[in-house]
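# Analysis of the macromolecular model
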Amino acid sequence: MLSYEEASDKVIVALDCDRARALELAELLSGRARWVKVGMTLFYAEGPVVVDDLRARGLSVFLDLKIYDIPFQVQGAVRAASLTGADLLSIHGLGASAMIRAARAGAEEAAFERDGARTRLLAISVLTSMGARALAEVGIFDPLPREVSRLAALSHSAGADGLVCSPQEAARMRSLLGPEALIVCPGVRPAGSAFADQRRVATPSQALAAGASQLVVGRPIAGAADPAGAFDAICAELMA
Ligand SMILES: O=C(O)c1cc(=O)[nH]c(=O)n1[C@@H]1O[C@H](COP(=O)(O)O)[C@@H](O)[C@H]1O
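Predicted model, so just to flag it, every value in this text is computed and none were measured. (Residues numbered from 1 in each chain as written. Predicted model: local features only at pLDDT ≥ 70, side-chain atom pairs only at ≥ 80, totals over all residues. Heavy atoms only, no water.)

### Side note on the sheet that holds strand β8 (residues 214–217)
Spatially, β1-β2-β3-β4-β5-β6-β7-β8 is the arrangement adopted by the eight strands of the closed barrel, whose pairing is parallel. Going across the sheet, the axis of each strand differs from the next one's by a mean of 25°, ignoring polarity. Here strand β5 (residues 120–124) runs beside strand β6 (residues 162–164); their pairing, made up of three bridges, is parallel. Note on β6: the bridge partner recorded for I124 is V164. Running over the sheet, helix α12 (residues 227–239) touches β1 (11–14) and β8 and is turned about 155° from β1. (Pairing = 2+ DSSP bridges. Helix = DSSP H or I, 4+ residues; strand = E, 2+ residues; numbered from the N terminus. Axes fitted to C-alpha atoms, helices over the stretch in contact; angles between N-to-C directions. Contact = heavy atoms within 4.5 Å.)

The following block contains the structure:
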């Protein structure tokens, strides 16, 4: 059974909003949440300073930029993004092994320059908003779990520290990657919450039982009338 601290460490709150609201949410969740996610909506509007703001409040940051480009560009982008001191950074597994190795080199350069811990890299597998039909639209006809497995194995061997996948693939990825791998799952919906644009979803307790290391939860917390209450309810579910 998890303690409240262990449960809260497993929940990464996605701050897909502007800086004022992100800081308001950080305040509302103060003393509860330990992890937040800065994605493209917030980062493109505010830049690296927002990572400083959140780290200064003692929060660990997943910088979710889903980086995808040629290896040269990716190395530079990952270096720059890692210089923010973010704990986690996302890149696309679809960039293949040369791009992932370049990402790893960029993260190592930044750690050397900062004389600090290396930002850990999470490879995005198949977005949780996509189902088999969306995959087929982009020419991938393999069953979804097979596509996720291929990207997981490739990213792992090229130097990514972990994987982003839906909770529906978490058990399979846990047995593929082993007990130490970081398996981060968005597409988490407490019972009764709207799925919105998410397709491959599960409840917090199902995601945890399937082997997720951490869960990413956005709108069910950030969009709730009482974000702290919604966060605590998820922790309580993980502790049960
Ligand atoms: O990298 C991610 O975090 C991510 C990957 C993915 O496949 N699906 C996914 O939803 N996400 C992110 O997880 C968060 C989910 O938000 P909610 O759907 O509001 O809980 C968003 O910030 C997405 O950017």
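Text resumes after the structure shown.
### So, empty space enclosed by the protein
Per the counting criterion, the structure on display carries one cavity of 30 Å³ or more. One number sums up the size of the largest cavity: a volume of about 40 Å³. Lining the largest cavity, in full, are A152, S155, H156, A160, D161, G162, L163 and L177. Elements with a contribution of two residues or more to the lining of the largest cavity: α8 (144–158) and β6. Per-element accounting of the lining of the largest cavity gives the leading share, three residues, to α8. The class makeup of the residues in the lining of the largest cavity is four nonpolar, three polar and one charged. (1 Å grid on protein atoms, 1.4 Å probe; cavity = no way out; pocket = protein on both sides within 12 Å on 5 of 7 lines; lining within 4 Å. Points joined across faces, edges and corners; volume = space filled by probe spheres on them. Nonpolar A, V, L, I, M, F, W, Y, C, P; charged D, E, K, R; others polar.)

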